[in-house]
Amino acid sequence: TAGITQAPTSQILAAGRSMTLRCTQDMRHNAMYWYRQDLGLGLRLIHYSNTAGTTGKGEVPDGYSVSRANTDDFPLTLASAVPSQTSVYFCASSRTGGVSPLHFGNGTRLTVT
Amino acid sequence: AQTVTQSQPEMSVQEAETVTLSCTYDTSESNYYLFWYKQPPSRQMILVIRQEAYKQQNATENRFSVNFQKAAKSFSLKISDSQLGDTAMYFCALLQGGATNKLIFGTGTLLAVQP
């Protein structure tokens, strides 16, 4: 089934450790996004990429980095995790331009202890 | 800056009844799009309905319809004949048109459909 695959599904991470959340899509969408979901705050954009080779900062980019080496993959890296990064992380993709609804992965639940 | 406000953190409705979820937004753009997404307990994000700002006619998808009031910057979702499977978190979202497809979300409304 075409769509977005996120890994891992959940993770417990010690503060100060690094981690990369993986995201792969097979829809050949140009644009990809990382959101974090927190209770009472909705979904907030961390980073985005309009096309392979380019990335941009969203609303809450601090503490996170991304890369977009090819169309399909858009990993999110936490270089030194802190407890405030405990959240559910969603990767999404869309065709750029016009009315292009986002397609979401199933999320990664990350707990930083 | 674009903002989306959902003022109802939680709502409850009886099965088969109708419920309306509120959403207001702010944007300085003339070309934009509005969406409602549903997130059931499975955590999956599901597109429910969308509305183009330039269209005056309210969008409808089966039991789901919107009341789009452009001047008031209001975009409410009406669910008719509520079903138990409608129990979910509902997010209103604003998309600015053009090359940058960045979606701004509201804080969500948790809807419980009671049997």
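What you see is a predicted model, and the numbers here were worked out from it, not measured in a lab. (Residues numbered from 1 in each chain as written. Chains lettered and ligands numbered in written order. Predicted model: local features only at pLDDT ≥ 70, side-chain atom pairs only at ≥ 80, totals over all residues. Heavy atoms only, no water.)

(A) Broad picture of the overall build of chain A. Each helix and strand counted, chain A has zero helices and eleven strands in total. Each helix and strand of chain A, ordered N terminal to C terminal, gives the series β-β-β-β-β-β-β-β-β-β-β. In terms of overall dimensions, chain A is globule-like: its C-alpha atoms have a radius of gyration of 13 Å, near the 13 Å expected for 113 residues. Overall, chain A is about 40 × 30 × 30 Å in size when its C-alpha atoms are taken along their principal axes. The burial tally for chain A puts 47% of its 113 residues in the buried class. A fraction of 54% describes how many contacts in chain A between residues 6 or more apart in sequence connect residues 24 or more apart. (Helix = DSSP H or I, 4+ residues; strand = E, 2+ residues; numbered from the N terminus. Rg over C-alpha atoms; globule rule 2.2 N^0.38 Å. Buried < 20%, exposed > 50% of the residue type's maximum accessible area, 1.4 Å probe, protein only. Contact = heavy atoms within 4.5 Å.)

(B) Fine view of the pairing of strand β6 (residues 46-52) of chain B. Residue and element names in this part refer to chain B. Relative to β6, strand β5 (residues 32-39) runs antiparallel, the two being bridged by six bridges. Looking at β6, one finds that Tyr 37 is bridged to Leu 47. Linking β5 to β6, which pair antiparallel, is a turn of six residues; within it Arg 43 sits at a positive phi near 85 degrees. (Pairing = 2+ DSSP bridges.)

(C) The arrangement of the nonpolar core in detail. In terms of nonpolar packing, the biggest core is built from 25 residues, with B:Tyr25, B:Trp36, B:Phe75, B:Leu77 and B:Tyr90 touching the most fellow members. If near-sequence neighbours (up to four positions away) are discounted, B:Phe75 is found in contact with B:Cys23, B:Tyr25, B:Leu34, B:Phe35, B:Trp36, B:Gln51, B:Val66, B:Asn67, B:Phe68 and B:Cys92. In this structure, A:Ala31, A:Val88, A:Leu102 and B:Met45 belong to the second largest nonpolar core, which totals 21 residues. (Core = buried A, V, L, I, M, F, W, Y, C linked by side-chain atoms within 4.5 Å.)

(D) Spatial organisation of the state of the cysteines. Residue and element names in this part refer to chain B. Summed over the entire model, instances satisfying the criterion amount to two disulfides over all chains. Residue pairing for Cys 23: its cysteine sulfur links by disulfide to Cys 92, the two sulfurs lying 2.0 Å apart. One quick way to see it: the torsion about the S-S bond of Cys 23 and Cys 92 is about -70 degrees, and its sign makes the bridge left-handed. With a gap of 69 residues between them, Cys 23 in the loop between β3 (19-21) and β4 (24-26) and Cys 92 in strand β10 (residues 88-96) connect regions that are remote in the sequence. With relative accessibility at 1%, the residue Cys 23 sits in the buried group. (Disulfide = S-S within 2.5 Å.)

(E) Seen up close, the interface of chain A and chain B. With 27 residues of chain A at the contact, the number on the chain B side is 21 residues. Summed over both sides, the interface between chain A and chain B buries roughly 2,000 Å², with carbon and sulfur atoms accounting for 56% of that surface. Between the two partners, chain A and chain B, sit six residue pairs in polar contact (both at pLDDT 80 or more). Where the side of chain A that touches chain B is concerned, the elements lending two or more residues are β4 (31-38), β5 (42-49), β9 (87-94) and β11 (108-112) of chain A. A total of four residues in the side of chain A that touches chain B trace back to one element, the largest contributor, which is β5(A). Tallied by class, residues from the side of chain A that touches chain B come to twelve nonpolar, 13 polar and two charged. (Buried area = accessible area lost by both parts, 1.4 Å probe. Polar contact = N/O pair within 3.5 Å; in protein donor to acceptor, adjacent residues only side chain to side chain. Nonpolar A, V, L, I, M, F, W, Y, C, P; charged D, E, K, R; others polar.)

(F) The arrangement of the environment of A:Ile46 in detail. All names here are of chain A. Within the secondary structure layout, Ile 46 lies in strand β5. Since its relative accessible area comes to 0%, Ile 46 is described here as buried. Through-space distance from the C-alpha of Ile 46 to that of Phe 90 is 9.9 Å; in sequence the pair is 44 residues apart. The residues touching Ile 46, leaving out its near neighbours within four places in the chain, are Trp 34, Tyr 35, Arg 36, Lys 57, Gly 58, Val 60, Pro 61, Tyr 64, Leu 76 and Tyr 89.

(G) A look at the pattern of salt bridges. All names here are of chain A. Enumeration according to the criterion identifies six salt bridges over all chains in this entry. A salt bridge links Arg 28 to Asp 72; the nearest nitrogen and oxygen atoms lie 2.9 Å apart. Here Arg 28, found in the loop between β3 (19-25) and β4, pairs with Asp 72, found in the loop between β7 (64-66) and β8 (76-78); they are 44 residues apart in sequence, far enough to count as distant. Judged by its relative accessible area of 23%, Asp 72 is partly exposed. Two residues, Arg 36 and Asp 38, come together in a salt bridge whose shortest N-O distance is 2.8 Å. In this structure, Arg 36 and Asp 38 share a single accessibility class: buried. (Salt bridge = Lys/Arg side-chain N within 4 Å of Asp/Glu carboxyl O.)

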